[in-house]
Amino acid sequence: MKHQHNHNCKHEHQPSDGVADTGHQHTADCNHDHAAPKQNSGCTHDHGAHKHGSSCNHDHSAVASSSSEPLSSNQTAYKVFGLDCPEEIAILNKEVGKKPGIVKLDFDILNAKMTVTIEPGTSGNDDIIAAVAAGGMRAVLWDEWLSNDDQETFWQQHGRTITTIISGMLLVTGFGIHWYLHGSFMEAFVAGDDGKEHIFPLSSIVLYCIAIIAGGWFVAPKALGALRRLRLDMNFLMVVAVVGAIIIGEWFEATTVTFLFSLSLLLEHWSIGRAQRAVTALMDLAPAVARYRCPHDGDIMEVPVAEVPLGVNVLVRPGEKIPLDGEVTTGSSGVNQAPITGESVPVFKEAGDEVFAGTINENGSFEFKVTKLATDTTLARIIQMIQEARSRRASSEQWVETFAKYYTPAMILFSLLIMLVPPLLFSALWVEWIYRGLVILVIACPCALVISTPVSIVSGLTAAARNGVLIKGGMYLELIGQIRALAMDKTGTLTFGHPEVQTIIPLNGHSRQELLERAAALEAHSEHPLARAVLRCAETEQVEVKMVAENFQAVKGKGAEADIDGRKFWIGSHRFMEEKGEETPEIHQRAQLLEDEAHSVIAIGNEDHVCGLISVADGVRPAASVAVANMKRLGLERLTVLTGDNAGTGNAVGAVVGIEDIRTELLPEDKVAGVEELVEKYEKVAMIGDGVNDAPAMAVASLGIAMGAIGSDVAIETADIALMADDLNTLPWLISHSRRTLNIIKQNIWFALGLKVVFMALAMTGMATLWMAIVADTGASLLVIFNALRLLKSSHNKE
C-alpha cells in the first residue's frame, strides 16, 4: 500500500540511529515525531526542512535543511543581483573587502554568488548587504534566496530581453523613417559618413533617443557607478562612445552601438547560462522523490528525497534512478554508475554492495538501506565541490583580470590622444578624429577578453565531472596539464588492491575446470581473502559447483580438508602440501617459481597426489599498461612507483606496466622524501594514490590525485583531484583535457586581442565605423564563448 499520510496517523517514525523521520507530508491531524520541518502556517514550533499544513503539534529536532550548503561557522553565502562579470568582482572586493573582520571573499559568477569568510563578532549581514548596495548591486542571504523568499522578479529575470527588443524595434523603425524620407537605403545608412552635413528627421531622433534609453537601461547605472569609483569599465566605454556619437550628430550609429551592446550582453548571459545549466544538470541526476518502507507497518511511503530518514529501506524499480546513497539489502541488479564515475559498463549490485544517488538501476529490482541523507550523498558532495571550485581561480583568469584592470584606462587615454592630437597638432577635422577615437573606445571593450577564460574553466570543470573526475578548482585543472612527472602508489592504483587468481596449473590428469570446481567447493565457507579470490575466479569462468564438501575441517594457518563425493580432498599453502608428503621435485620447482614472482600458492590434492596449483596475487589492472603508455606519449618525463611492498613484487608490477623507476619497501616518510626529490628536479609533480594512506606524499606534491574515490569521503576531501572510478586511463584523458582547456583559453585571448589590434588599425585609417566596431566586439565575445563551450562535449569514452 502506498500513501502519503493525508489521514490521522499515530506512528512515531524514529530510526535506530536517532535521526527522526521526515518522510511524510501531512495535511491533517498528525502526532508524529518529526525532524526539522519547515514552517508553513499556523505553527509556532522551531522548523527546518519539512512542510506542514495547518495545525501542528510536533516536537521538531534539528536536522540541516537540504536547501542550504554546509558552510563553516565563519562563512556566509549571498546571492548578489547584478554580479555577472569580473568588473563587479572588483567592485565588491573594494566595497565589501574593506569592511572590518573580512578575511576572504569568494565569487561564483555563474550563480551570482559571493561567499564571505569573516571573523566572528565583526561585520554582520546588514553591514555586508549595505556594502554590496554601495557598489550598485543587491544582496540577499543565499539560503533565503534558495527558499524562494527572495527570488528574482519578472523584471529582474526578463528586463534585459525586454529592453533589448524595444531598443532594436525602435532602431529599425527610426531607420525606416529616415530611409523613407531620404528615398535611398544606402544614403540613409551612411548618412554623415560622406562629410556632408545631414539633418536627421525629428521623428527618427525621438525614436533613436528612446531606443538609446532602452538599450542603455542596465548599462548606464553601471557606467555612472564606475565613474563614481574611478574604476572605468566596459559599460563606461560604451556610454562615452554613445554620448560622443550623439554630440557629433551620429544618431543612427549611437543607437546602433547601444542596441548591439545590449544584445551582446543578453547573448553573453544566455551563453553563460548554458554553462550553468550544464552544472545544474548534475543536480538533476538524483530523482526528486523516493519510496521507502515504513519501519513500523511496512507501508510504502513516497516522499521528497530530502525527507527520507537514515536507516529505512528504499525501493528501486528497473530503469529508475537511485535517490540516495545506501547498502543493498535485498534483490540484485546491474547499475549504471556513469553519471558519477564515467564508467559505461553497468556494475552488478547485490546484498551488501554500496549504491549511490544519481546512478541508474538497469533491469532488476532491489531495496537498499539509506546510509546518507540527501545533503551528504556522494553526488551532493560532488556538486558542492564543483560550486566551490569556481572560487579557486586559475592563473589565466587572474592574469586576464589584472590585464583588464590596466588595459581599460590605457585604452581611454589612447582614444583621447587620437581625438585630440591630430586636430591640435595637424589641424585635422575635429569631427573625423573624434569619430575615430570613439570607434577605438568601442573596439577597446575588454568584454570578450574577460569573459572567455571563466567560461572555459567552468566548461572544463563540468566536462570533467561528467566523466567521473572531480577537480577542486580552476588552478588544478590548469596544473594537471602542466605536470612533468607523476608518482604513484602501487596497491589500488596500478593493481586492484585485493588478491586475484593469476595462474591455474592442473596436474596429474586433472582439467582446469575440475581443479577450480574442487577448490571452490573446499573454499565455499571460508572468508579468507585468498578463498574469496578463488570463488570469484570460479564465478567469472562460470564453473558450476555441483559437489558439496562434507566433514569440513580447517587446519589453522595451513588450509582445510573435506570429503567430496566420498573422497578426501585437501587445500592449503605450499607448506601444507609439503607436510602432506605429496610434493614432487617438479611440483616444488613450479611452486617456487610462482612464489619468486610474489604469488601466493594454493595447492589442491587428494590422498593420492597433488591435483594442481593455483597462484593468487594482487593483480595488475588491465588498463594500467595502456594508461602508462598513453602518459608517456603525452610527454611526461618521469613515471615513478612508490610502494611499501618488497622489491620482487614491485619490480614484477613495473615490468608488466612499463615503468622502470620502482622504489620499494618505503615507509610513509620515505614516500614523502621521494616526492620531494621529484618536485626538486621536475617542479610540477602529481602524486596519485588512495587519498588516505598516501595523504602525506600527496600533500608535498604539486597536485594530489585520489583514485577510486566513489564512496570515500576522505579521498574526496583530501585530494585536489578525485577520480571517482578505478579506471587509470582517466588520468591521461584528464591531462589531455587540461591541455585542451589551456589551448582554448590561449586561442580566445589571442583572438580577442588580435581582433582589437586589427580594428584599431582600421579605425586609425578611417576604414572602421562605430557599428562595425560593436558588431566585431559582439561577434568576438560570442565566438570565444562558443569556443569555450566546446569543452562541454569532451568525453573520456570518445577517446
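To keep things clear, this report deals only with the structure shown in the data block.

What counts, and where the lines are drawn
- Along each chain, the written sequence defines residue order, and numbers are assigned to residues from 1.
- In keeping with the model being predicted, local features are shown solely for residues with a pLDDT of at least 70 and side-chain atom pairs are shown and tallied solely at 80 or more, while totals for entire chains, interfaces and linings include all residues.
- Processing note: side-chain calculations cover all non-hydrogen atoms of the structure and skip hydrogens and water entirely.
- Here a helix means four or more residues in a row that DSSP labels H or I, a strand means two or more in a row labelled E, and each is numbered from the N terminus.
- It only takes one pair of heavy atoms within 4.5 Å for two residues to be counted as in contact.
- In short, DSSP must find at least two bridges between two strands for them to pair.
- Here, axes are lines fitted to C-alpha atoms. For helices the fit covers the stretch in contact, and angles between N-to-C directions go from 0 to 180 degrees.
- Centres within 6.5 Å are what make two rings of Phe, Tyr or Trp a pair, Trp counting through its six-membered ring; a difference in plane orientation under 30 degrees is then read as stacked, over 60 as edge-to-face, and the rest as tilted.
- Buried means the residue's accessible area, taken with a 1.4 Å probe over protein chains only, is under 20% of the maximum for its type, while exposed means over 50%, and partly exposed covers the values in between.
- A ring has a charge above it when a Lys NZ or an Arg CZ is no more than 6 Å from the ring centre and no more than 35 degrees off the ring normal.
- The scheme is simple: roughly parallel for angles under 35 degrees, roughly antiparallel for over 145, roughly perpendicular for 65 to 115, oblique for anything else.
- Gly counts as polar in this scheme, as do all residues outside two lists: the nonpolar Ala, Val, Leu, Ile, Met, Phe, Trp, Tyr, Cys and Pro, and the charged Asp, Glu, Lys and Arg.

Along the polypeptide, Leu 507 turns up in the loop between β17 (495-506) and α17 (512-523). Non-local contacts of Leu 507, meaning those with residues more than four positions away in its chain, are made with Ile 587, Arg 590, Val 610, Cys 611, Gly 612 and Leu 613.

Quick look at the sheet that holds strand β25 (residues 685-689) now. Spatially, seven strands are ordered β15-β27-β26-β25-β16-β23-β24 in an open sheet, and the strand pairing comes out mixed. The open sheet has two edge strands, β15 (469-471) and β24 (661-663), and neither has a second partner. Taking each pair of neighbouring strands and ignoring which way they run, the sheet shows an average axis angle of 20°. Direction of pairing for strand β26 (residues 703-707) relative to strand β27 (residues 721-723): parallel, over a ladder of three bridges. Note on β27: the bridge partner recorded for Met 707 is Leu 723. Taken strand by strand, helix α26 (residues 730-764) contacts β15, β16 (485-489), β25, β26 and β27, and its axis lies near 45° from that of β15.

All chains considered together, the criterion is met by four aromatic pairs. Here the aromatic rings of Trp 570 and Phe 576 are separated by 5.8 Å at their centres, their planes lie at 80°, and the arrangement is edge-to-face. Taken individually, Trp 570 and Phe 576 each receive the classification buried, so the pair is uniform in this respect. The ring of Trp 142 has Lys 113 sitting right over it, with the charged end atom 4.7 Å from the ring centre. When the ring centre of Trp 433 is taken as origin, the NZ or CZ atom of Arg 436, which lies over that ring, is 4.4 Å away.

Moving on to the packing of helix α7 (residues 220-228) against helix α8 (residues 234-247). Axis separation between α7 and α8 bottoms out at 8 Å; the angle between their running directions is 110°. Here α7 is positioned roughly perpendicular relative to α8, judged by the angle of their axes. Where α7 approaches α8, its residues Ala 220, Lys 222, Ala 223 and Leu 227 are matched on the opposing element by Asn 235, Phe 236 and Val 239. Here the residues of the contact of α7 with α8 sort into five nonpolar, one polar and one charged.

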